[in-house]
Amino acid sequence: MKINANGYTAKKLNIMIGRSNDESIEIEGVIGQRYIGTALSGKILEIEGAPGNALGAFLDGAKIELFGNAQEATGDTMNAGEIVIHGNAGDATGYAMRGGEIFIEGDVGYRCGIHMKAYRGNSPAIVIGGKAGSFLGEYQAGGTIVVLGDGRAGGAVAGYFCGTGMHGGEIWLRSQDAPAALPEQVKTERVKGVPSNVEMLIKKWCAKFGKEAINYTGDEFLKLSPDDANPYKRLYTPN
Amino acid sequence: MKVRYILPAFEVLRDESKCVNCRLCERECANGVHSFDSERGRMIANDAKCVDCHRCVCTCPTGALKIAETKDVYRSNANWSRAAIDEIYRQAESGGVLLSSMGNPDTYPEFWNRLLINASQVTNPPIDPLREPMETQVRLGSGRVKIERDENGRLKTALPPQLELQVPVMFSAMSYGSVSYNVHAALARAAKELGIYYNTGEGGLHRDLYGYGDHTIVQVASGRFGVFREYLDAAAAIEIKMGQGAKPGIGGHLPAAKITPAVARTRMIPEGSDAISPAPHHDIYSIEDLRQLVMSVKEATGCRKPVIVKVAAVHNIEAIASGIARSGADVIAIDGFRGGTGAAPTRIRDNVGIPVELALARVDDRLREEGVRDNVSIVVGGSIRSSADMLKAIALGADACYIGTAALISLGCHLCRSCHTGICNWGIATQIPDLVARLDPDEGARRLVNLVTAWKHELEEMMGCMGINSVEALRGNRLMLRGIGMTESELRLLGVKPAGESM
């Protein structure tokens, strides 16, 4: 099924997607409609254009491939599924996601992967081809964030306050430079090459965007992880 | 030599003539206060461990126990209270942020007790609720809809989703994790029986309680614990928590000690790590951003469920509520600074926010002035202690009330304010299986149903004495209230006349 989104509201689009018997749906001419594919499962969306905020919020197993840039709050509270963005993504991408994977060819804005958490067998992942803005992975409680810094000459690949409040999961930065203002409870390790789970994510990212994994996986990475599962218990005293 | 700076706040008084050494108190006290001294053949108590929860007193078969505030006093000082001194000792010892539980216990002025209710005499007769019908049903949701009919008179307009309450009261948000499974089970059963709703709080909805979905409000907070499609689908309404009265501007922090496998499963988080949900939603920095989350949630549920936005009563609450009324939300929940919690930094709990009475009156006024009052319903919480508080809240402009602390007290809570320790001898704010088992959900539900039913009767009686026969006619009817012992500005803010002044 093919939909030209021109003139349709997001609500109408979602109703059309929901009612369609086709597994695979192409939507073209998207121009700012928000909430496309909210809580969707069991479908594949191919989108051309510029969807608005909250693309694939609460996504529950569907696959979304976007040929264009994503705005804010893509994959908010995503439970399962896959979002592939041939372009850049805005702020708060993958907020509180607890399953599924997001692959971004270019950069992401601020607050990507905040509150990301692992849950039983689910371990969410975000792979960012370019660079991430500030507050990457704040309050992260699980899952994996990879920033490849593709095409960057050097310097940190994530902005300020990366991992503040982090108490689980891992952030892998393909860079030798640590982001500025890293909080105390985040420990950093320099690692040459990546473990198999991260390698698998990078390979998937490469397959989607026509890149060679060998150009990334053997490089030096900075691994960020919390120093404790309860880094804040020392902060309090019972009264 | 180790010096104890902080001395026990309570004394366990045991009447030796009544004690039969049955050692029940020892088994009932998870704090480890009581023990049997086999050498001397009698029970002894470690006062320092006592939190004054009264479990031992209430279960002692011979009535041999009493707990008293200690008679030991520091040199009296009107400025430096014992609590102030002890808190300094605690912080000097630990370097930590003080953590407390339940609502603000300090001696701030409150206004419910300074509002008096009118009654009919002679000219406008009272109504006897035993004989005349009384309407306590209310509907929550947006009433802002232009009714259009087709040529056959059928409704063309899709009506916005609403909640129907048989009594204008609901059980406010208390998360599974902060309270036990049995508390949630009791709240769910009672809500169903009463035709009202309970709120899951931000800790997710236990699988076994999905069947009560029609009477469940699920919460979405910054940490998004347990939020996924089925959770949203299961509920009657969805509440976005922006703030809570006990800790405005502060988020939740459930310590790993309270995160059992079942709690982790329900919250959908890893076991053994703290559950942190910080103050801000990091995707909400404006009313437009709030609108986006409201609309995402609505889109995820086919726009079939009302969305509540909960905020704490703070200085600028009027403007905040005005924004929320335009955000697409159906209900605004306002939580006053007396509102309870499982754990909050003491300084925040005791110093931040404003009384809900003032917030409610101002918000109701502001929304009316701006012509958007019908966009939303208003629900208030933060220490509604009786049906009289509830009635006064409605007369000030609320559509319904949230009760949290009152519900827990009906389940046996004795307000010892130790929830943050994870030990609760009443089986309420704990995840320790032996303690949780002390609260029977059926008995709990019965007590909750009794409480709300009694409040309903009292509400009917009070309305009857005012000559009012429906909650609808009471709402925002501030002429039915008079203030006593208030300043001019307090009266002005509440929009009520002083007692003694006529209509």
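Structure: see above.
Scope of this entry: the structure provided in the associated data block. What you are looking at is a predicted structure, and each value in this text was computed from that prediction instead of being measured.

The tally for this structure, following the rule as stated, stands at nine aromatic pairs over all chains. When the ring of Tyr160 of chain A is compared with that of Phe161 of chain A, the centres are 6.3 Å apart and the planes differ by 45°; the resulting orientation is tilted. Plain terms: the ring middles of Trp205 of chain A and Phe209 of chain A are 5.3 Å apart, the flat faces sit at 55° to each other, and that makes the pair tilted. You can see Trp205 of chain A and its partner Phe209 of chain A sitting in helix α2 (residues 196–209), four residues apart, about one turn around the helix. Among the aromatic residues, those joined into a cluster by ring pairs are Tyr110, Phe135, Tyr160 and Phe161 of chain A. Here the guanidinium or amino end of Arg55 of chain B rests over the ring plane of Trp426 of chain B, the centre of that ring lying 4.7 Å away. In this structure, Arg207 of chain B packs its charged tip against the face of Tyr210 of chain B, placed 4.5 Å from the ring centre.

Another point: the packing of helix α8 (residues 317–324) of chain B against helix α10 (residues 356–369) of chain B. Residues and elements named next belong to chain B. Between α8 and α10, the least distance of the axes is 9 Å, while the angle of their chain directions is 50°. Regarding the angle of α8 to α10, the classification is oblique. Crossing angle aside, the handedness with which α8 passes α10 is right-handed. Mapping the contact onto sequence places Ile317, Glu318, Ala319, Ala321 and Ser322 in α8 and Ala359, Arg362, Val363, Arg366 and Leu367 in α10. Class assignment for the residues of the contact of α8 with α10 results in six nonpolar, one polar and three charged.

The three strands lie next to each other as β12(A)-β5(B)-β17(B), forming an open sheet whose pairing is mixed. Looking at which strands have only one partner, the edges of the open sheet turn out to be β12 (236–238) of chain A together with β17 (344–345) of chain B. Packed on one face of the sheet, helix α3 (residues 82–94) of chain B meets β12 of chain A together with β5 (97–100) of chain B and runs near 125° to β5 of chain B.

Turning our attention to empty space enclosed by the protein. Over the atoms, a rolled probe matching the size of one water molecule traces out where space is still vacant. All names here are of chain B. In the structure shown here, the tally under the stated rule is four cavities of 30 Å³ or more. Within this model, the largest cavity holds a volume of roughly 90 Å³. If you go around the largest cavity, you meet 14 residues; those closest to its centre are Cys29, Val33, Cys50, Cys53 and Cys56. Residues belonging to the lining of the largest cavity are distributed by class as follows: eight nonpolar, four polar and two charged.

What follows deals with the nonpolar core. All names here are of chain B. With 128 residues, the main nonpolar core has Phe171, Ile334 and Ile428 as its most contacted residues. Among the elements that make up this core, the one with the highest residue count is helix α14 (residues 441–466) (10 residues). Excluding its chain neighbours within four sequence positions, the residues that come into contact with Ile334 are Val311, Ala313, Ile317, Val356, Ala359, Val363, Ile378, Val379, Val380 and Gly381.

Interface size is often expressed as the accessible area that is lost when the parts come together. Taken together, the contacts link 45 residues of chain B with 40 residues of chain A. Here chain B meets chain A over a buried area of about 3700 Å², counting both sides, of which 56% is carbon and sulfur. Asp60 of chain A serves as the salt-bridge partner of Arg229 of chain B, at 3.5 Å between the closest nitrogen and oxygen. Inspection of the chain B/chain A interface yields 23 residue pairs in polar contact (both at pLDDT 80 or more). Per-element tally for the side of chain B that touches chain A: the top contributor is helix α7 (residues 287–300) of chain B, with eight residues. For the side of chain B that touches chain A, the class distribution of residues is 20 nonpolar, 16 polar and nine charged.

This part is about the pairing of strand β15 (residues 307–312) of chain B. All names here are of chain B. The buried fraction of β15 amounts to six of the six residues, a majority that puts the element mostly inside the structure. Here β15 shows a buried face lined by Val307, Val309 and Val311 and a second buried face lined by Ile308, Lys310 and Ala312. As judged from the four bridges shared by strand β12 (residues 237–241) and β15, these two strands associate in the parallel manner. The residue bridging Lys241 from the neighbouring strand is Lys310, located in β15. The pairing of β15 with strand β16 (residues 331–335) spans five bridges and is classified as parallel.

What follows is about the pairing of β16 of chain B. Residue and element names in this part refer to chain B. Taking burial as the measure, the five residues of β16 include five buried ones, the bulk of the element. Taken together, β15, α8 and β16 constitute a β-α-β crossover, and its handedness is right-handed. Sheet analysis places β16 next to strand β18 (residues 377–381), joined by five bridges and oriented parallel. Bridged to Ala333 within β18 is Val379.

This paragraph deals with the packing of helix α11 (residues 387–396) of chain B against α14 of chain B. Residues and elements named next belong to chain B. Put simply, α11 and α14 touch, their axes get as near as 9 Å, and they point 55° apart. For the element pair α11 / α14, the angle class is oblique. Relative to α14, α11 is oriented so that their crossing is right-handed. Seen from α11, the contacting residues are Ser387, Ala388, Met390 and Leu391; seen from α14, they are Trp455, Glu458, Leu459, Met462, Met463 and Met466. Each residue belonging to the contact of α11 with α14 can be placed in one class, and the counts come to eight nonpolar, one polar and one charged.

Rules used throughout
Residues numbered from 1 in each chain as written. Chains lettered and ligands numbered in written order. Predicted model: local features only at pLDDT ≥ 70, side-chain atom pairs only at ≥ 80, totals over all residues. Heavy atoms only, no water. Phe/Tyr/Trp six-rings, centres within 6.5 Å; stacked < 30°, edge-to-face > 60°. Helix = DSSP H or I, 4+ residues; strand = E, 2+ residues; numbered from the N terminus. Lys NZ or Arg CZ within 6 Å of the ring centre and 35° of its normal. Axes fitted to C-alpha atoms, helices over the stretch in contact; angles between N-to-C directions. Parallel < 35°, antiparallel > 145°, perpendicular 65-115°, else oblique. Left-handed = near helix turned anticlockwise from the far one by under 90°. Contact = heavy atoms within 4.5 Å. Nonpolar A, V, L, I, M, F, W, Y, C, P; charged D, E, K, R; others polar. Pairing = 2+ DSSP bridges. 1 Å grid on protein atoms, 1.4 Å probe; cavity = no way out; pocket = protein on both sides within 12 Å on 5 of 7 lines; lining within 4 Å. Points joined across faces, edges and corners; volume = space filled by probe spheres on them. Core = buried A, V, L, I, M, F, W, Y, C linked by side-chain atoms within 4.5 Å. Buried < 20%, exposed > 50% of the residue type's maximum accessible area, 1.4 Å probe, protein only. Buried area = accessible area lost by both parts, 1.4 Å probe. Salt bridge = Lys/Arg side-chain N within 4 Å of Asp/Glu carboxyl O. Polar contact = N/O pair within 3.5 Å; in protein donor to acceptor, adjacent residues only side chain to side chain. Right-handed = clockwise from strand over helix to strand, strands pointing away.

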